[in-house]
Amino acid sequence: MDDQLALPVGTTLDRFIMRKQEEFAYATGELSQLLRDIALATKIVNREINRAGLLGVPGTYAHQTVRGEEQQKLDMIANIRFIRALRNGGEVCTVISAEDKHLIQTGNTKGKYIVAIDPLDGSSNVDVNVAIGTIFSVYRRVSEAGDDGTLADCLQKGAKQVAAGYIIYGSSTMLVYTTGCGVNGFTYEPSLGEFFLSHPLISTPRQGSIYSCNEGNIDSFPEGVQAYVRHCKAQRYTGRYIGSLVADFHRNLLKGGVYIYPVTSDYPDGKLRLVYECNALAMIVEQAGGKASDGSGRILDKTPTDMHQRTPLIIGSRDMVDKVQEFMAKESANLK
Ligand code: AHG
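Note that the structure is predicted; figures quoted are calculated from it, not measured.

Points about the nonpolar core
Moving on, step 1. In terms of nonpolar packing, the biggest core is built from 40 residues, with L34, F82, V138 and Y177 touching the most fellow members.
Moving on, step 2. Filtering out sequence-adjacent residues up to four positions away, V138 remains in contact with L31, L34, Y113, I114, V115, Q161, V162 and A163.
Moving on, step 3. In terms of nonpolar packing, the next biggest core, distinct from the first, is built from 30 residues, V176, L281, A288 and I315 among them.

Looking at the domain arrangement of the protein
Moving on, step 1. Domain annotation for the protein reports domain 1 (13–199) and domain 2 (210–335).
Moving on, step 2. When each unit is reduced to the centre of its C-alpha atoms, the spacing between domain 1 and domain 2 is 23 Å.
Moving on, step 3. Contacts between the two partners involve 49 residues from domain 1 and, on the opposite side, 33 residues from domain 2.
Moving on, step 4. The junction of domain 1 with domain 2 conceals about 2,900 Å² of combined surface from both sides, 64% of it contributed by carbon and sulfur atoms.
Moving on, step 5. Of all residues in domain 1, I135, L155 and Y166 give up the largest surface area on contact with domain 2, accounting jointly for 21% of the area buried on that side.
Moving on, step 6. The tally of links from domain 1 across to domain 2 stands at 2 salt bridges.
Moving on, step 7. Note that R273 is salt-bridged to D118, the shortest N-O span being 2.9 Å.
Moving on, step 8. Summed over the shared surface of domain 1 and domain 2, the number is 12 residue pairs in polar contact (both at pLDDT 80 or more).
Moving on, step 9. Residue assignment for the side of domain 1 that touches domain 2 shows that the elements contributing at least two residues are β3 (92–97), β5 (113–121), β6 (132–140), α5 (151–154), β7 (161–169) and β8 (173–178).
Moving on, step 10. Ranked by the residues each element gives to the side of domain 1 that touches domain 2, the list is headed by β7, at 8 residues.

Here we look at the packing of aromatic side chains
Moving on, step 1. Counted by the stated rule, this structure contains 8 aromatic pairs.
Moving on, step 2. Within the aromatic cluster, the residues linked to one another by ring pairs are F16, Y177 and F186.
Moving on, step 3. Sitting over the ring of F327, K330 keeps its end group 5.3 Å from the ring centre.

Re helix α2 (residues 13–22)
Moving on, step 1. For α2, the set of buried residues is L13, F16, I17 and K20. Around the axis of α2, the buried residues are gathered within 95 degrees of arc, so they sit on the same side.

Reading guide: rules and limits
- Sequence order as written defines the numbering, with residues in each chain counted from 1.
- Given that the model is predicted, a residue must reach a pLDDT of at least 70 before its local features are reported, and side-chain atom pairs must reach 80 or more before they are shown or counted; all residues, however, enter totals for whole chains, interfaces and linings.
- The side-chain figures draw on all heavy atoms in the structure; neither hydrogens nor water molecules are used.
- Joining through side-chain atoms within 4.5 Å is the link that ties buried Ala, Val, Leu, Ile, Met, Phe, Trp, Tyr and Cys residues into a set, and such a set is a nonpolar core.
- To sort residues, take the accessible area from a 1.4 Å probe on protein chains only and compare it with the maximum for the residue type: under 20% means buried, over 50% means exposed, and anything in between is partly exposed.
- In what follows, residue pairs with any heavy atoms lying within 4.5 Å of each other are defined as contacts.
- Bear in mind that the domain bounds are from an automatic or database domain assignment.
- Reported buried area values correspond to the accessible surface (1.4 Å probe) lost by two parts on association, with both partners' losses combined.
- When a carboxyl oxygen of Asp or Glu is within 4 Å of a side-chain nitrogen of Lys or Arg, the pair counts as a salt bridge.
- Two N or O atoms count as a polar contact when they lie within 3.5 Å, although within protein this holds only if one can serve as hydrogen donor and the other as acceptor, and sequence-adjacent residues are included solely when both atoms are side-chain atoms.
- Put simply, DSSP H or I for four residues or longer makes a helix, DSSP E for two residues or longer makes a strand, and each gets a number counted from the N terminus.
- Here a pair means two rings of Phe, Tyr or Trp (six-membered ring of Trp) with centres within 6.5 Å. Their orientation is stacked below 30 degrees between planes, edge-to-face above 60, and tilted elsewhere.
- In this analysis the charged atom, NZ for Lys or CZ for Arg, is taken to sit over a ring once it is within 6 Å of the ring centre and within 35 degrees of the ring normal.
- Directions are taken from the helix axis to each C-beta atom, and the arc is the one they span.

Take a look at the structure:
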């Protein structure tokens, strides 16, 4: 921790990654390279997003995603850019993406790592200039190196992540990541083409006063969640919901709050994807002192059975997540 504090605000991402690597005597530099590859792709995607309005890039393709939803052009562009950077970097044997049905083999059969990515989350917000994000998880492969990665490599529980992060393309572009030793945030300076450490060792408040959920769906929330929302109103908490997970999560991480996407009648298993969205944010929130649950257990302990599996998500300040769980447990006890 002291060493991390020694890295001042303004340290470039490259230098930060290098210094972190030096702290581990046996580090080979492969994870560091992988993180640099992601940062490089981020710069390119950021440029595409910033130009999108002028070039008329936003809009929908005629086809649908594997989830049966409309796919935005920028989704595809971001998907291609991240996969290409990871393929060129050489450290990753297999990528799985929220935008692809199948495993993407990079051909780097000696690569030790697997990356799960949602290249552009919240893409329905693209056309209206609202903040969007990229979410990624890094796992060490469990299969022997020398061949393509396997489905078993990709279906590891979130607790096995060796790194996780997100990029928020907002009023400024930020990359926030953890390798399991705290969470650090870097802000992009476009004129210099560099990320600089701006939010060292992020710690989320234990209790906040923001609740985030799509209240338009409240009638189909579980009764315990409905009761929790009533509790928030009675406490005069602030309701904030952008509908762009990374943006909602980022705000609550810094300010304190809870984000809830429970089961609903439209999404009986929850809407958000365990492997591409929830695991990475769960690792980050835990590293920052917060909590992530599916309503009954820890997100990071769920073993996925399907790459595109969905889950309910309650994530944010520790005491608020506990309170939601308490309300849910009480309601389910009442039903018995
Ligand atoms: P998409 O990438 O298809 O726009 O999905 C966005 C996700 C997530 O980012 C957001 O928090 C949630 O879906 C919003 O869902 P609702 O519109 O149902 O509230």
